[in-house]
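In case you want the letters, here they are:
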Amino acid sequence: QVQLGESGGGLVQAGDSLRLSCAASGRGFSTYHMGWFRQAPGKEREFVAGIDWSSGSTYYADSVKGRFTISRDNAKDTVYLQMNSLKPEDTAVYYCAADPYGLGSRKTYEYDYWGQGTQVTVSS
């Protein structure tokens, strides 16, 4: 069983930075894709960024490209989301997710495991 735990959220001002962490436990993740998603009040959960655990290749939503960076630390079984130049529209609950089949999808239903989420609030 895979367990994911996010941390690092908070209240910041527009233009500030935050780094989210997702600690993974359970079986090995070498074949997994890991993703960050977010959900704002009244909106559907949306893809933010993804990473292939083995190769480290990354992909991003257009809305965050150039501002957010996803990375992983294999030794710590942890995935990070560095968020720079934050905007009020980035306000949401951010979720870490794991896709054990390595599909590299941006669809929520392709991810089998989810963390509990961490709140990010960006004030203007």
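Scroll up for the structure.
In this report, we go over the structure that sits alongside the text. (Residues numbered from 1 in each chain as written. Predicted model: local features only at pLDDT ≥ 70, side-chain atom pairs only at ≥ 80, totals over all residues. Heavy atoms only, no water.)

1. Here's the deal with the environment of Ser-54
By the secondary structure assignment, Ser-54 is in the loop between strand E5 (46–52) and strand E6 (58–60). Spatially, the C-alpha atoms of Ser-54 and Asn-74 are 8.7 Å apart, while their sequence positions differ by 20 residues. Those residues within four positions of Ser-54 in sequence are excluded, and the remaining contacts are Ser-30 and Arg-72. (Helix = DSSP H or I, 4+ residues; strand = E, 2+ residues; numbered from the N terminus. Contact = heavy atoms within 4.5 Å.)

2. Focus: unusual backbone geometry
Positive phi values are uncommon outside glycine, yet Asp-77 reaches one of about 50°. Positive phi is not limited to glycine here, since Ser-85 has a value of about 50°.

3. A closer look at the pattern of salt bridges
Between side chains of opposite charge, a pair can form when the charged atoms approach closely. By the definition in use, this model includes four salt bridges. The partner of Arg-38 in a salt bridge is Asp-90, and the shortest N-O contact between them spans 2.9 Å. Taken together, the positions of Arg-38 in strand E4 (residues 33–39) and Asp-90 in the loop between strand E8 (78–83) and strand E9 (92–99) put the pair 52 residues apart, joining distant regions of the chain. Accessibility expressed as a relative area gives 5% for Arg-38, which makes it buried. Take Asp-90: its relative accessible area is 0%, and that puts it in the buried class. The closest approach of N and O atoms between Asp-62 and Lys-65, which form a salt bridge, is 3.2 Å. Residue Asp-62 shares its accessibility class with Lys-65, and that shared class is exposed. Taken together, the shared-partner salt bridges in this structure form one network comprising Arg-38, Glu-46, Arg-67 and Asp-90. (Salt bridge = Lys/Arg side-chain N within 4 Å of Asp/Glu carboxyl O. Buried < 20%, exposed > 50% of the residue type's maximum accessible area, 1.4 Å probe, protein only.)

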